[in-house]
Structures are given as structure tokens and as C-alpha cells.
Amino acid sequence: MAMLGRAELERIGFAALGNDVQLSDRASIHGASRISLGDYVRIDDFCVLSAGAGGIAGCKLAFDLRDAQSQGSVAVDQARQLVDLKKTPAIIGGIISSVSIPIVTSVTGPGGVVQISPASTSPTLTKLGNEGKSNGWFFRTITSDALQGTAAAKYAMDQGMTTLAIINVNNDFGVNMLTEFRRAYEAFAAKQKPVFQG
């Protein structure tokens, strides 16, 4: 992936172009003259930006960037402002599970608002969905820790690692990743009797 330079960005013909815009040369842009990009925007590989003459289905899109400070309580306050006051129909985020979980259980799930996370990997989110606690409004574009832990365990086995010590961060991500890794590793290595410390 290569990011386009300022001159290349200006040649595309955006309606507005902020400072420090990072746009991959692999992204697809349609209707650039109707797209405004603010400051510090990053658009990665294979993203598609498309703006028809009347917006999307006749609607204009607006972005309201909020900082949850990686704290669930702050995230819930920000989400409530967006949903209750601004009548926001969709939230993209949180970026971490410990932010996404309280938003979906306190705001978007009960409020019937779409929430899409690009990076929340906790199996707790899968469990909430299976139990109906997200009311079907939460989506993510990344696999859960269950798959990531299994892939990491397979890699460790493929590398011949039979004695392991794992240091993990004591939060939803770290605890779930350790649990999923350990479960998968022990299943893969049942015949080899590994020594596991963690």
C-alpha cells in the first residue's frame, strides 16, 4: 500500500481536502467532486468512497468524531449524545471491545441504532449477540479473539513450541486472547503433553 501525495490528492478533485489526509492508492473513489475530506483522515486499501448526485439514497452523510478515551463510561456518554441528542442512525466504533460492549448494551442495542466496530474482537460481543442482548444492531468487521487465539496456537504448534510462558494485559482483550489461545493450544498439543505457564 502506498499513500497518495498532496498533489495526487488535489488532482482527484475532492470538494474539500483537509490537512494530513492519507489515502491509499488502492482505494476507489467515485464522485470525488461531491466528497469533502477533513483534517487527519485516513482511508486504507480497498475502501470505496462513492457519492452520487443526491448523496446516498438521497441522504447526505455527516461525520461527528468523538473520543471515548478508551473508557467505557466516557464512550457511553458520547454515544448517548450522538443517539439521544443528534439522532445519529449509526455509530462506527468503538475501536476496542471495552468501549464497544458498554455502548451496545447501554445505547445502540436498546436504542435500535446500528453499531459497527472495525476492531472489537472480544468473544463477549458474540455472546451478547447470541443472547439477544445487542438486539441485532451490533456488527464487526474483524474476527473474534476465538479465531485469533486459535490461529496463534496453531502457529506456536507449527513452530514446535512446547514450553510457553505468556504475558498478557489484564483487560477484556488480554484475558480473552489468553483463554482462547490456551484452549486451542492444549487441544492441538494434547498428544505432546506441553508445559504451559500463564
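Residues numbered from 1 in each chain as written. Predicted model: local features only at pLDDT ≥ 70, side-chain atom pairs only at ≥ 80, totals over all residues. Heavy atoms only, no water.

### Some points on the packing of aromatic side chains
To keep things clear, this is the line we draw: To pair, rings of Phe, Tyr and Trp, with the six-membered ring standing in for Trp, must have centres within 6.5 Å; the planes then decide the type, stacked if under 30 degrees apart, edge-to-face if over 60, and tilted in the middle. Numbered from the N terminus, helices here are DSSP runs of H or I no shorter than four residues, and strands are runs of E no shorter than two. For each residue, the accessible area found with a 1.4 Å probe, counting protein chains only, is set against the maximum for its type, and the residue is called buried under 20%, exposed over 50%, and partly exposed in between.
The tally for this structure, following the rule as stated, stands at one aromatic pair. Between Phe 181 and Tyr 185, the ring centres sit 5.7 Å apart and the planes meet at 15°, which makes this aromatic pair stacked. Placement of the pair is Phe 181 and Tyr 185 together in helix 6 (residues 172-188), with a separation of four residues, close to one helical turn. Take Phe 181 and Tyr 185: they sit in the same class, and that class is buried.

### Points about the environment of Ile 91
Using the following cut-off: In this analysis, two residues are considered to be in contact whenever any of their non-hydrogen atoms come within 4.5 Å of each other.
Summarising the element assignment, Ile 91 is placed in strand 7 (residues 90-92). Placed 28 residues apart in sequence, Ile 91 and Phe 63 show a C-alpha to C-alpha distance of 9.7 Å. Among residues more than four places away in sequence, those in contact with Ile 91 are Ala 79, Leu 82, Val 83, Thr 108, Val 113, Val 114, Gln 115 and Ile 116.

### Observations concerning unusual backbone geometry
The omega torsion across Gly 93 and Gly 94 is -5°, close enough to zero to call that bond cis. Inspection of the secondary structure puts Gly 94 in the loop between strand 7 and helix 3 (97-111). Positive phi, normally seen in glycine, also occurs at Gln 69, with a value near 55°. Along the chain, the position of Gln 69 falls in the loop between strand 6 (48-50) and helix 2 (72-85).

### Side note on helix 5 (residues 145-158)
Within an α-helix, residues lying three or four positions from one another point in the same direction, as the helix has 3.6 residues per turn. Keep this limit in mind: Here, expected helix span is obtained from the residue count minus one, scaled by 1.5 Å. This arc corresponds to the set of directions leading from the helix axis out to the C-beta atoms.
Here helix 5 is 14 residues long and its end C-alpha atoms lie 19 Å apart, about the 20 Å a rise of 1.5 Å per residue gives. Regarding helix 5, the residues found buried are Asp 145, Gly 149, Ala 153, Ala 156 and Met 157. Taken end-on, helix 5 shows its buried residues confined to a sector of 110°, consistent with a single buried face. For helix 5, exposure combined with an orientation more than 90 degrees from the buried face picks out Tyr 155 and Asp 158. Buried residues belonging to helix 5 abut helix 4 (123-130) and helix 6. One or two positions beyond helix 5, positive phi appears at Gly 160, with a value near 80°.

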